[in-house]
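Summary of structural features
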Amino acid sequence: MLLLHRAVVPGLRQACRLKSTASQLCIRACSTNDSFQSQHPSLAFTGDHSSTRGWRVVGTLLGLGAVLAYHDHRCKAAQKSPRIYTRKEVSTHCSPETRIWVTLGNEVFDVTEFVELHPGGPAKLMLAAGGPLEPFWALYAVHNQSHVRELLAEYKIGELSPEDKAPSTLKTSDPYANDPVRHPALKVNSQRPYNAESPPGLLTDNYITPNPIFFTRNHLPVPDLDPATYRLNVVGPSGRKSLSLSLADLRKFPKHEITATLQCAGNRRSEMTQVKEVRGLDWNTGAISTARWAGARLCDVLAKAGHRLSESESHVCFEGLDSDPTGTAYGASIPLARAMNPEAEVLLAYEMNGQPLSRDHGFPVRVVVPGVVAARHVKWLGKVSVEPQESFSHWQRRDYKGFSPSVDWNNVDFDSAPSIQELPIQSAITEPQEGATVESGEVTVKGYAWSGGGRAVIRVDVSLDGGLTWQTAELDGEEQRPRKAWAWRLWQLQATVPPGKKELNIICKAVDDSYNVQPDTVAPIWNLRGVLSNAWHRVRVHVAP
Ligand code: HEM
Ligand SMILES: Nc1nc2c(c(=O)[nH]1)N[C@H]1C(S)=C(S)[C@@H](COP(=O)(O)O)O[C@H]1N2
Ligand SMILES: [Mo]
């Protein structure tokens, strides 16, 4: 019952918000009969952002006592001899009023209390309300973990009647079947959607990351877009027509080229996981890569569409052409001031290291926002618009934000924190690797360092003795332009192994040109989503006798 307790307090707040959207979504999910085919939301449902705003509408509260008693009753019932339900009965439980039930295999769960706590957002969970989870979980392998199964088990209320097991129509066509073939050296974090990091042994061999080993972070299946028919919709200011730009149109704008590093907000999340569990992909140090990007400047395209700097419209929203079964696209936004500033060099990129973008990296066009978290670099770009508010995308508003270590999933208020844009100073050791054995005599330590917002890395300090003494590493790579240091510096240090040492406790930490430094440990910057993990990087190695 632990989870129920965790859920109660926010549950009260959330029960209010749930009502309108939940019932809205449910009309589509439940108005059909109970076979999977007719319930599949892609047939009946198109996501819209206005529903997100509807979450705030206040509705009737379910009495707390009633909730507890109800849940307790159900759980006890499930433990003794499981209560048996028909699929038809389950399908009527698809709103907070009727409670929200789902099935997995032949088991039935009442997840009403969990809906608002769902890391993937309440709206997504509601798509499965009243029916099987399988077709949705097939899309998101993140559910394929024991902790997710254990969590769900807490909500079990019974089983499906034997003659009413999973319908044979459950075989869904694999939405990922058309994903591209990937390089075998990539270290895969999740196959569906595909997420993989550059192997640390190769990452810093090249200042420019070769395209096939550039880290990949997809939230959805990779769309297969035809460059001949591709159009970018650039919404004009009110009263003006939108632009519909072909790839050829985009190439007519002056071609601008920059070297920029992309880093996922979750890079080095695995170190946070060691402090306390976080929700997200278990990235090591390889969710970062550098490329030479070429394309049209966003400011030129916005100007052509008729946009100017404005105070009422202050965000540029991007939508990808990758979408989930509801038709909801990946989306993000950046401040208009950055988008309109030619010095910020925001690109609508169609080339990566002299090649057309590869499918995984956004073919045919992606946004590149130098100095800003990679989540805003929207791939497979379909639409650009200038809006008074930030993007309503889940990934702008309910993810990619930082919180204090004391904020957890019971008390998190995503509206209270700004979305991550410029990233903080970062560095990591790529050689030697954790647990390796190094020769006595000399050791070479290598790694990368980067800071957001165009801030240049001015120094990397390396310690071989756990931080007692420090040596300055040598910085490689391109000379950096002031306030436009968009790319990382690779660094190395050739150092003498102190005689008699059996083990080295190697640490690196970088300093940027605002004299920002990395925090020494992870615990004080731990956050529930495991983002912004930039503590001193530590690697322990053995010294060969
Ligand atoms: C009762 C049903 C569900 C439960 C118990 C559940 C549970 C969870 C949990 C525990 C996570 C975090 C996993 C981790 O990062 O370790 C998660 C993430 C996620 N879930 Fe669900 N889920 C449910 C239904 C759904 C449905 C129906 C969908 C889609 C239609 C969905 C989409 C997602 C997505 C997209 C994420 C990843 C968010 C991100 O990391 O970007 N979930 N879910
Ligand atoms: N359309 C779209 N754009 C997207 C994403 C996505 O899933 N869909 N993922 C974002 C995230 S979180 C990251 S870290 C970067 C990863 O870019 P890459 O795969 O080219 O390395 O793309 C961003 N842009
Ligand atoms: Mo990311």
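Please read all numbers here as calculations on a predicted model, not as lab measurements. (Residues numbered from 1 in each chain as written. Chains lettered and ligands numbered in written order. Predicted model: local features only at pLDDT ≥ 70, side-chain atom pairs only at ≥ 80, totals over all residues. Heavy atoms only, no water.)

1. A short note on the overall build of the chain
What counts here: Where helices and strands are cited, they refer to DSSP runs of H or I of at least four residues and of E of at least two residues respectively, numbered from the N terminus. For each residue, the accessible area found with a 1.4 Å probe, counting protein chains only, is set against the maximum for its type, and the residue is called buried under 20%, exposed over 50%, and partly exposed in between. Two residues qualify as a contact provided that any one of their heavy atoms is within 4.5 Å of a heavy atom in the partner residue. Under the convention used here, a 1.4 Å probe and the Shrake-Rupley method define accessible areas, while residue burial counts only the protein chains that appear.
Helices and strands together make up the secondary structure of the chain, namely 15 helices and 27 strands. The 545 residues of the chain split such that 56% are buried. Once local pairs closer than 6 in sequence are excluded, the contacts in the chain between residues at least 24 apart make up 72%. Summing over all exposed atoms, the chain offers an accessible surface of approximately 22900 Å²; the carbon and sulfur share of this is 54%.

2. Digging into the site of ligand 2
What counts is decided by this rule: Distances are taken per atom, and a residue is near a molecule or strand as soon as one of its heavy atoms is within 4 Å of it. Pairs of N or O atoms are called polar contacts if they sit within 3.5 Å, as long as, within protein, a hydrogen donor faces a hydrogen acceptor (for residues adjacent in sequence, only side-chain-to-side-chain pairs). When residue character is reported, Ala, Val, Leu, Ile, Met, Phe, Trp, Tyr, Cys and Pro are called nonpolar, Asp, Glu, Lys and Arg charged, and the others, Gly included, polar.
What surrounds ligand 2 is a group of 20 residues, the closest being Phe 215, Asp 322, His 361, Arg 366 and Lys 379. Contact distances for ligand 2 include 3.0 Å between an oxygen atom and a backbone N or O atom of Arg 217. A distance of 2.8 Å separates an oxygen atom of ligand 2 from a polar atom in the side chain of His 219. For ligand 2, whose unbound accessible area comes to 530 Å², protein coverage reaches 100%. Elements with a minimum of two residues in the shell around ligand 2: β8 (216-217) and β13 (315-323). Within the shell around ligand 2, the residues separate by chemical class into nine nonpolar, six polar and five charged.

3. Some points on the sheet that holds strand β18 (residues 381-387)
This is how the line gets drawn: Paired strands, in this sense, are two strands between which DSSP finds at least two bridges. Between N-to-C directions, angles cover 0 to 180 degrees, with each direction set by a line fitted to C-alpha atoms, over the stretch in contact for helices.
One open sheet accounts for five strands, arranged β10-β9-β18-β13-β14; its pairing is mixed. Each edge of the open sheet is held by one strand with a lone partner, namely β10 (243-245) and β14 (329-335). On average, adjacent strands in this sheet sit at an angle of 15 degrees to one another, irrespective of strand direction. Pairing of strand β9 (residues 232-234) with β18 involves two bridges; the strand directions are parallel.

4. A closer look at the nonpolar core
For soluble globular proteins, the rule of thumb is that nonpolar side chains tend to be buried together. Stated formally: Residues belong to one nonpolar core when they are buried, are Ala, Val, Leu, Ile, Met, Phe, Trp, Tyr or Cys, and are joined through side-chain atoms within 4.5 Å. Each domain's limits were defined by an automated method or a database of domain assignments.
Judged by nonpolar contacts, the single largest core of 52 residues is most densely connected at Leu 250, Leu 298, Leu 302, Val 316 and Leu 381. A total of four residues in this core trace back to one element, the largest contributor, which is helix α13 (residues 298-305). Of the residues that make up this core, three or more belong to each of domain 3 (188-416) and domain 4 (426-543). In this structure Leu 298 touches Val 316, Phe 318, Ile 334, Ala 339, Val 346, Leu 347, Leu 348 and Val 384, once residues within four positions along its chain are discounted. Core analysis: the second largest hydrophobic core is formed by 22 residues, Ile 429, Val 438, Ile 506 and Cys 508 among them.

5. Some points on the site of ligand 1
Neighbouring ligand 1 are 25 residues; His 118, His 143, Gln 145, His 147 and Arg 529 lie closest to it. The separation between an oxygen atom of ligand 1 and a polar side-chain atom of Gln 145 is 3.1 Å. Arg 529 has a polar side-chain atom sitting 2.8 Å from an oxygen atom of ligand 1. Of the residues belonging to the shell around ligand 1, the class tally is 15 nonpolar, six polar and four charged. Both of domain 2 (84-164) and domain 3 (188-416) provide at least three residues apiece to the shell around ligand 1.

6. What about the coordination of the iron atom of ligand 1?
Definition in use: Note that water is not among the atoms considered, so a metal site may appear incomplete; the donors listed are N, O and S atoms within 2.8 Å of the metal, with 3.2 Å applied to Na, K and Ca. Here the metal geometry follows the donor angles, with tetrahedral for four donors whose angles all fall between 85 and 135 degrees, square planar for four and octahedral for six when opposite donors are more than 155 degrees apart and every other angle is between 65 and 115, and irregular for all the rest.
Protein coordination of the iron atom of ligand 1 is provided by His 118 (NE2) and His 143 (NE2), with donor distances spanning 2.0 Å. Classification of the site at the iron atom of ligand 1 as octahedral follows from its six donor atoms and the range of 87 to 179 degrees in their angles at the metal. Highlighted residues: His 118 in the loop between β4 (107-110) and α7 (122-126) and His 143 in the loop between α8 (134-137) and α9 (146-153), separated in sequence by 25 residues. The class of His 118 is buried, set by a relative accessible area of 14%. The exposure class assigned to His 143 is buried, which follows from its relative accessible area of 13%.

7. Quick notes on the packing of aromatic side chains
The test is simple: Stacked, tilted and edge-to-face are the three classes assigned to paired rings of Phe, Tyr and Trp, where Trp is represented by its six-membered ring and a pair needs centres within 6.5 Å; plane angles under 30 degrees give stacked, over 60 edge-to-face, the rest tilted. Here, a charge over a ring is recorded when the distance from Lys NZ or Arg CZ to the ring centre is within 6 Å and its angle to the ring normal is within 35 degrees.
Scanning all chains against the criterion turns up ten aromatic pairs. Ring geometry for Phe 214 against Trp 293: centres 5.7 Å apart, planes inclined by 85 degrees, an arrangement best described as edge-to-face. One end of the pair, Phe 214, is in the loop between α10 (200-203) and β8; the other, Trp 293, is in strand β12 (residues 288-297), with 79 residues separating them in the sequence. Taking the relative accessible area as the measure of exposure, Trp 293 reaches 0% and is therefore buried. Three or more aromatic residues link up through ring pairs in this structure, and these residues are Phe 214, Phe 215, Trp 283 and Trp 293. Arg 182 extends its terminal NZ or CZ atom over the ring of Tyr 194, reaching a point 3.8 Å from the ring centre. Lying over the aromatic face of Trp 526, Lys 276 brings its terminal NZ or CZ to 4.2 Å of the ring centre.

8. Remarks on the environment of Glu 113
Structurally, Glu 113 is set in the loop between β4 and α7. Along the backbone, Glu 113 and Pro 96 are 17 residues apart, and their C-alpha atoms lie at a distance of 9.2 Å. Side chain to side chain, Glu 113 and Arg 99 meet in a polar contact 2.8 Å long.

9. A closer look at α9
Worth spelling out the cut-off: By definition, the arc is the one covered by directions from the helix axis to the C-beta atoms.
Taken residue by residue, α9 has Val 148, Leu 151 and Leu 152 as its buried positions. Buried positions in α9, seen along its axis, are confined to an arc of 95 degrees and lie on one side of it. Counted as exposed and oriented over 90 degrees from the buried face of α9: Ser 146 and Glu 150.

10. Section: the confidence of the model for the chain
In plain terms, the rule: For every residue, the predictor reports its confidence as pLDDT, a number between 0 and 100.
On average, residues of the chain score 85 in pLDDT, and 84% of them reach the 70 mark or higher. Across residues 1-78 the pLDDT falls below 50, and counting only partners more than four positions away or on other chains, this stretch makes 124 contacts in the model.

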